Amino acid sequence: MTNDETEKEETKVKVKKEEEKKETKETEELTGAQKRGKRQQERAQKRRERKEKIKEKKFYHPLRILRGIGLFFWIIIKIIIFPYVYAYWKIRDTFKFLSRNDKEDLDRTLLKIEDGDTIPEGYINEMGFLRSLPMFYFIAGTLGAVFAIFISFDFMDDVWAAIRDFFVHFEWSIAWALFLDILEAIFVTVIWEFILVNIGKGIAAAFNFLFSGDSFWIPLVILIVLGVGITILAVLVSEVDFSGKFMKKVKAFFIAIFTFPKIVWGWMKSAYHSFQRGISRFTFGNNKLLHYQKRFFYRVVLYSTIVTFWIIAAVITLVIANAIDGNEIVNEALVYPIVLLIIGFANGVLLLAFLSWLIGLISGEKYIVDKEGYAKYIEEKSKAQEEKKLARAEKQKKRISKRSG
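Summary of the structure given here. (Residues numbered from 1 in each chain as written. Predicted model: local features only at pLDDT ≥ 70, side-chain atom pairs only at ≥ 80, totals over all residues. Heavy atoms only, no water.)

What follows covers the overall build of the protein chain. Along the backbone of the protein chain there are 15 helices and 0 strands. Considering the protein chain as a whole, with its 405 residues, one finds that 22% of them fall into the buried category. By sequence separation, contacts in the protein chain at least 24 residues apart represent 72% of the contacts at least 6 residues apart. On the protein chain, roughly 29,800 Å² of surface is accessible, and the fraction owed to carbon and sulfur atoms is 66%. (Helix = DSSP H or I, 4+ residues; strand = E, 2+ residues; numbered from the N terminus. Buried < 20%, exposed > 50% of the residue type's maximum accessible area, 1.4 Å probe, protein only. Contact = heavy atoms within 4.5 Å. Areas by Shrake-Rupley, 256 points an atom, 1.4 Å probe, with all protein chains shown as cover.)

Moving on to a positive patch on the surface. Positive charge collects at one region of the surface, where Arg-39, Arg-43, Lys-46, Arg-47, Arg-50, Lys-51, Lys-55, Arg-64 and Arg-67 lie side by side. Elements with a minimum of two residues in the positive patch: helix H2 (32–56) and helix H3 (62–80). Looking at the positive patch, the element that brings in the most residues is H2, giving 7 residues. Note that Arg-67 resides in helix H3. (Patch = residues over 30% accessible without salt bridge, like charges linked within 9 Å, V, L, I, M, F, W, Y side chains within 5 Å. Salt bridge = Lys/Arg side-chain N within 4 Å of Asp/Glu carboxyl O. Lys, Arg positive; Asp, Glu negative; His and termini not counted. Charge placed at Lys NZ, Arg CZ, Asp CG, Glu CD.)

With that out of the way, let us pick up helix H4 (residues 82–99). With 18 residues, H4 ought to run about 26 Å at 1.5 Å a step, and its terminal C-alpha atoms sit 26 Å apart, in line with that. Along H4, the residues that are buried comprise Val-85, Tyr-86, Ala-87, Lys-90, Asp-93, Thr-94, Lys-96, Phe-97, Leu-98 and Ser-99. (Expected span 1.5 Å × (residues − 1).)

Attention now goes to the environment of Thr-308. Mapped onto the elements of the fold, Thr-308 is located in helix H13 (residues 294–325). Thr-308 gets classed as buried once you look at its relative accessible area, which sits at 12%. With 40 residues separating them in the primary sequence, Thr-308 and Gly-348 have C-alpha atoms 8.6 Å apart. Discounting chain neighbours no more than four positions away, the residues touching Thr-308 are Tyr-137, Ile-343 and Asn-347.

Take the pattern of salt bridges next. Using the criterion set out here, one finds 8 salt bridges in the structure. For Arg-92, the salt bridge is made with Asp-93, and the minimal N-O distance between the two is 3.4 Å. Residue Arg-92 is classed as partly exposed on the basis of its relative accessible area, which comes to 33%. A salt bridge links Glu-126 to Arg-108, with the nearest nitrogen and oxygen atoms 2.8 Å apart. Here Glu-126 is found in helix H6 (residues 126–152), whereas its partner Arg-108 is found in the loop between helix H5 (103–106) and H6, with 18 residues between them in sequence.

Turning our attention to the nonpolar core. With 35 residues, the main nonpolar core has Phe-97, Leu-130, Leu-133, Phe-284 and Phe-297 as its most contacted residues. Those elements that provide at least two residues to this core are H4, H6, H13 and helix H14 (335–363). Among residues more than four places away in sequence, those in contact with Phe-284 are Leu-130, Leu-133, Pro-134, Leu-289, Phe-297, Val-300, Leu-352 and Ser-356. (Core = buried A, V, L, I, M, F, W, Y, C linked by side-chain atoms within 4.5 Å.)

Let us look at the side chain of Ser-356. Looking at the secondary structure, you find Ser-356 in helix H14. The buried category is assigned to Ser-356, whose relative accessible area is 1%. Once residues lying within four places of it in the same chain are set aside, the contact partners of Ser-356 are Thr-283, Phe-284, Lys-288, Phe-296 and Val-300.

All told, the structure shown has 8 aromatic pairs when counted by the stated rule. Here Phe-284 and Phe-297 contribute two aromatic rings whose centre-to-centre distance is 5.8 Å and whose plane-to-plane angle is 75 degrees, an arrangement assigned as edge-to-face. A residue pair is termed long-range when its members are at least 10 positions apart, and Phe-284 in the loop between helix H11 (260–283) and helix H12 (286–291) and Phe-297 in helix H13 qualify at 13 residues. An identical accessibility class is assigned to Phe-284 and Phe-297; each is buried. Measuring from centroid to centroid gives 5.9 Å for Phe-354 and Trp-357, while their planes differ by 40 degrees, and the two rings are tilted. In this pair, Phe-354 and Trp-357 are both assigned in helix H14, 3 residues apart and thus about one turn of the helix distant. Over the aromatic face of Phe-97 sits the side chain of Lys-294, whose NZ or CZ is 4.8 Å from the ring centroid. (Phe/Tyr/Trp six-rings, centres within 6.5 Å; stacked < 30°, edge-to-face > 60°. Lys NZ or Arg CZ within 6 Å of the ring centre and 35° of its normal.)

All we've got here are geometric facts, nothing functional implied.
Now the structure itself:
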């Protein structure tokens with residue numbers, strides 16, 4: 001290596017060290033919340049970069065094929081255990097919400113996508129999170145209770161024994177055989193034997209019915225009707241103006257058929273969000289969600305989380321104490337399901353609502369971001385309610401007058 005090359009290498013090393021020192025100094029100057037936010041952002045960037053690198057590879061690249069197979073099974077697993085995946089997401093979001101606790105984070109209103117707020121990479125839509133929080137508590141408590149019942153009661157002993165034996169006597173050959181069995185069940189049993197073979201049998205049965213010679217008049221009528229129908233369809237396609245009202249209606253009809261599952265999913269999603277908003281209005285109050293500082297909700301969520309951990313710790317402590325003393329708990333198998341239901345409903349809905357009401361009552365206007373805007377909002381809301389009352393009264397008067405007339 002020449003002197004010039006050596007100097008260049010040394011310069012590169014020095015520049016790199018200076019950059020690392022500068023980055024370290026900048027990191028040390030950050031607050032705890034900012035450091036956590038930076039870590040969340042870095043993790044989100046790494047995930048995005050990994051996805052982009054994989055997308056850059058050809059579709060037939062072995063790594064992309066393996067990733068596709070892995071994602072296929074991972075999606076199936078997530079669908080099967082989706083409620084627990086959802087619970088994990090909400091626990092993760094709770095820690096994210098509580099981790100951004102610097103003054104500038106707590107003094108502002110909630111971040112919300114519907115208002116066009118920019119959500120930092122790796123962070124959450126705070127309004128959406130709070131609206132879903134009571135529902136999460138309820139779902140997590142209910143599913144936890146169901147899981148506790150499966151663990152506690154005797155009818156699951158055989159299943160747990162099989163799972164234990166699988167891991168105790170684990171061999172790669174057994175795991176590979178299980179993987180092949182899963183592939184066979186999906187692609188051979190379900191897709192080939194159940195779907196494609198039955199479709200083929202249906203087509204073959206139709207041809208046998210039409211052309212076997214056992215009957216004459218019924219197949220003849222079917223074929224004539226089919227031919228006339230195809231001819232009429234061909235006339236419509238060739239003669240009718242595609243821009244006319246008829247073809248628009250036909251197009252709308254087929255679009256409605258093919259998009260019906262999506263429409264139903266949209267209805268279900270809309271109903272779920274309406275139910276979610278209804279619970280959040282009861283729990284937090286719509287006025288507070290729109291006009292209160294994040295600090296208010298931070299404290300409500302923090303106190304509720306503390307109570308949740310307190311209940312869990314109290315149950316574990318009492319169970320251990322009774323076990324050490326040799327005391328039998330009455331209906332021991334029901335302890336964990338009942339406690340989880342308490343955490344899900346009493347703590348996750350009722351306590352959240354009580355804490356929101358209590359802190360709002362004690363604090364007065366302390367957590368309101370824009371007091372003038374809040375007063376205007378309350379005034380407009382009162383006017384809208386009065387107008388609705390008047391409209392209902394008018395309708396009722398009209399109905400009474402019609403009946404009397």
